Amino acid sequence: MRARILVGTTDGLYEFNGERARWLAGHDVTWLSQDESCWWAILDGREVWRSESRDEWAKAASVISLKANCILPYNGELFVGTSGSHLYKLNGTNLETLLSFDQAPGRNGWFTPWGGPPDVRSMSADPEGALYVNVHVGGILRSADAGASWEPTIDIRSDVHQALFDPGSRLLFAASARGLGVSRDDGKSWQFYTDGLHASYLRAVAVAGDTVLVSSSTGPTGRMAAIYRRAVHDTGPFEQCVRGLPDRFSDNIDTACLAGMGSLAAFGTSQGEVFASEDQGVNWQQ
């Protein structure tokens, strides 16, 4: 397989492109994002690093007293979502708190099933400039003015684990405990789909070509996990990805561990396996 895949692990960053390369050894790489000029990564839950070549990495900023969960390059800026449901924007080498997000409507109702503080779990953006920030558990908030103001878009009881806006289809996806949420109007209304899934608990969603892929399991502990696919605009049942994959995985395929670009799709497991498909999820190889 000649496609280039970057994989963050508990011991560095790997690249697979027919051969294997490794950087950032000794660091826990928990999130990767790319903009027009460079790659961005979260290391050890505290530091944001950047690289223009993938061969040389440098620390850009650090999160103080909180855990950095996700990053989003957006319109020349970088947003960082953290534990405690806070949002930061990179200014030089400093991360500045986005106070508007701390005052977002509905914030007092955010929660977690175990009673701890909710987190910013994932982020996405559309080409027109709208931001989508997923809080676990607090739904998906939308900002049409670069983070100056926010509005809720989905019932927080849907328990969303990843939000993804797909520019090609103009659809907003939500991997949730209720199945795959799909919005065709920028989050104003939602439909949820579970047909064909062995379980409705979804942790991750990605788009490869004209196919949407999701990871499904029986719940937070991740037993009986599997990958499914469906045409992006379809409303029918999902099809389980089985060619080249085991029937089930023993742990969740987690948020940010499933990705797609063009006809390429890839995902990683908590056991350190990486699987890739060059035909939008039909056939896979490890």
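Caption draft 1: Spatial organisation of the overall build of the protein. Scanning the protein for helices and strands turns up one helix and 26 strands. Over its C-alpha atoms the protein spans a radius of gyration of 18 Å, differing by no more than 12% from the 19 Å that the globule rule assigns to 286 residues. Dimensions of the protein, computed from C-alpha atoms along their principal axes, come out at roughly 45 × 45 × 35 Å. Across the 286 residues that make up the protein, the buried fraction comes to 53%. When the accessible area of the protein is evaluated, it comes to approximately 12800 Å², of which 47% is carbon and sulfur surface. Positive and negative charge centroids in the protein, built from 24 and 34 side chains respectively, lie 3 Å apart.

Caption draft 2: Broad picture of the sheet that holds strand E2 (residues 12–16). Sheet architecture is open: three strands sit in the order E1-E2-E3, paired in antiparallel fashion. Sheet topology places strand E1 (5–9) and strand E3 (20–23) at the edges, where each strand pairs with a single neighbour. For this sheet the average axis-to-axis angle between neighbouring strands, irrespective of direction, equals 25°. In terms of strand pairing, E2 meets E3 through four bridges, oriented antiparallel. Bridge pairing in E3 links glutamate 15 to alanine 21.

How each quantity is defined
- Residues numbered from 1 in each chain as written.
- Predicted model: local features only at pLDDT ≥ 70, side-chain atom pairs only at ≥ 80, totals over all residues.
- Heavy atoms only, no water.
- Helix = DSSP H or I, 4+ residues; strand = E, 2+ residues; numbered from the N terminus.
- Rg over C-alpha atoms; globule rule 2.2 N^0.38 Å.
- Buried < 20%, exposed > 50% of the residue type's maximum accessible area, 1.4 Å probe, protein only.
- Areas by Shrake-Rupley, 256 points an atom, 1.4 Å probe, with all protein chains shown as cover.
- Lys, Arg positive; Asp, Glu negative; His and termini not counted.
- Charge placed at Lys NZ, Arg CZ, Asp CG, Glu CD.
- Pairing = 2+ DSSP bridges.
- Axes fitted to C-alpha atoms, helices over the stretch in contact; angles between N-to-C directions.

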